[in-house]
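Tertiary structure, described
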Amino acid sequence: MNHPHQESALTARMRVRLRDGEIEMPVFSQISENLWQAGCPQNGIPLPGRFAHVVNLAGVLSYRETHVLKTSTVVDMADSADQSLSIVDPLARLVADLAAAGDDVAVHCMAGLNRSGVVVARALMHRGLAADEAIETVRARRHPKALYNQHFTDWLRENPTV
């Protein structure tokens, strides 16, 4: 049985402070079938029961898990211009494969904009989208400020999937 607050977490909203102001957006955004991008507010909301897999790019901060996950992957990834992106492709392949198998996958970082955005966009590229189309899909379905880290978008454009 799902925790009563799990499904309300799907409609929860969060505020994120950026250099040019504050934005508001959903905690969870469905990007494509079975593929969700999320931020992780510090209020410890429960992870909705629909998610079978979680990819946590924020290191330690995550949701309260009130159900058993099939997989939980934790990677401490920085949102910076000098962040190595060598881990992105294997993570994105994993995410794309899990979603294609029919399970809901949540990919999150702190704000749910850049680190989760580059992994989700790359997963979309593994599903056949070009880099610009994947970037625009993330921005349209998550937030227009998603993937504002130029290092991440340049990497997506310069490294097509094979």
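Remember, predicted model here, so these are calculated numbers, not experimental data. (Residues numbered from 1 in each chain as written. Predicted model: local features only at pLDDT ≥ 70, side-chain atom pairs only at ≥ 80, totals over all residues. Heavy atoms only, no water.)

Quick word on the overall build of the protein
Quick reminder of the rule: Only DSSP runs of H or I with at least four residues qualify as helices, and only runs of E with at least two residues qualify as strands; both kinds are numbered from the N terminus onward. The quantity called the radius of gyration is restricted to C-alpha atoms. Its globule counterpart is 2.2 Å times the number of residues to the power 0.38. Type-normalised accessible area, obtained with a 1.4 Å probe on protein chains alone, sets the label of each residue: buried when under 20%, exposed when over 50%, and partly exposed for intermediate values. In what follows, residue pairs with any heavy atoms lying within 4.5 Å of each other are defined as contacts. Surface accessibility follows the Shrake-Rupley procedure with a 1.4 Å probe radius. Residue values consider only the protein chains on display as shielding. Charge counting treats Lys and Arg as positive and Asp and Glu as negative, with His and both chain ends excluded. Taken as the charge centre is NZ of Lys, CZ of Arg, CG of Asp or CD of Glu, depending on the residue.
Of regular secondary structure, the protein possesses 5 helices and 7 strands. The C-alpha atoms of the protein give a radius of gyration of 15 Å, which matches the 15 Å a tight globule of 162 residues would have. C-alpha atoms of the protein, sized along the principal axes, occupy 45 × 40 × 25 Å. Evaluated residue by residue, the protein yields a buried proportion of 52% over its 162 residues. Taking as baseline every contact in the protein between residues at least 6 positions apart, the subset at least 24 positions apart corresponds to 63%. Entry remark: accessible area of the protein is about 7800 Å², with carbon and sulfur atoms responsible for 50%. Averaging the positions of the 16 positive and the 18 negative side-chain charges in the protein gives two centres separated by 4 Å.

Some words on the packing of helix α2 (residues 88-100) against helix α3 (residues 115-126)
The description of two helices packed together rests on the angle between their axes and the distance between the axes. Inclusion rule: Whenever a helix is involved, its axis is fitted only over the stretch in contact; in every case the axis is a line through C-alpha atoms, and angles between N-to-C directions fall within 0 to 180 degrees. A crossing counts as left-handed when the near helix is turned anticlockwise from the far one by less than a right angle, and as right-handed when that turn is clockwise. Under this grouping Gly is polar, as are all residues other than the nonpolar Ala, Val, Leu, Ile, Met, Phe, Trp, Tyr, Cys and Pro and the charged Asp, Glu, Lys and Arg.
Two elements in contact, α2 and α3, have axes whose closest approach is 8 Å; the angle formed by their N-to-C orientations is 65 degrees. Crossing of α2 against α3: the hand is right-handed. In this structure, α2 uses V88, D89, L91, A92, R93, V95 and A96 to contact α3, whose residues at the interface are V118, V119, R122, A123 and H126. Its residues assigned to classes, the contact of α2 with α3 comprises 8 nonpolar, 1 polar and 3 charged.

Re the sheet that holds strand β4 (residues 35-38)
For the record, the criterion: Pairing between strands is defined by DSSP: at least two bridges between them are needed.
Spatially, 5 strands are ordered β3-β4-β7-β5-β6 in an open sheet, and the strand pairing comes out mixed. If you trace the sheet from one side to the other, it starts and ends with β3 (28-32) and β6 (71-74), each paired once. In this sheet, adjacent strand axes meet at a mean angle of 25 degrees when their direction is disregarded. Packing against the sheet, α2 makes contact with β4, β5 (51-56), β6 and β7 (104-108), and its axis sits at approximately 150 degrees to β7. On top of the sheet, helix α4 (residues 131-141) reaches β3 and β4; it is set at about 145 degrees to β3, its chief contact.

Comments concerning α3
Quick note on the threshold: For a helix, the expected span equals 1.5 Å multiplied by the number of residues minus one.
Taking 1.5 Å as the rise per residue, α3 with 12 residues should run 16 Å; its terminal C-alpha atoms sit 17 Å apart, in good agreement. With 11 of its 12 residues buried, α3 lies for the most part within the structure. Of the positions making up α3, those classed as buried are R115, S116, G117, V118, V119, V120, A121, R122, A123, L124 and M125. Looking at the buried residues of α3, the elements they touch are β3, β4, α2, β7, α4 and α5 (150-158).

Looking at unusual backbone geometry
Glycine aside, residues mostly have negative phi, and peptide bonds are mostly found in the trans state. Positioned with a positive phi, N34 is a non-glycine residue whose angle comes to about 70 degrees. Relative to the helices and strands, N34 is located in the loop between β3 and β4. Phi is positive for L147, close to 60 degrees, though the residue is something other than glycine.

A look at the confidence of the model for the protein
Formally: For every residue, the predictor states its confidence as a pLDDT score lying anywhere from 0 to 100.
Residues with a pLDDT of 70 or more make up 94% of the protein, whose mean pLDDT is 91. Considering only residues more than four positions removed or in separate chains, one finds that residues 1-6, a stretch of pLDDT under 50, has 11 contacts.

Some points on the nonpolar core
Inclusion rule: By nonpolar core we mean a set of buried residues, namely Ala, Val, Leu, Ile, Met, Phe, Trp, Tyr and Cys, connected to one another through side-chain atoms within 4.5 Å.
Ranked by size, the top nonpolar core spans 53 residues in total, and within it F28, L57, V107, V118 and L156 carry the most contacts. Not counting residues up to four positions away in its chain, the partners in contact with L156 are V118, A121, R122, M125, A131, I135 and L147.

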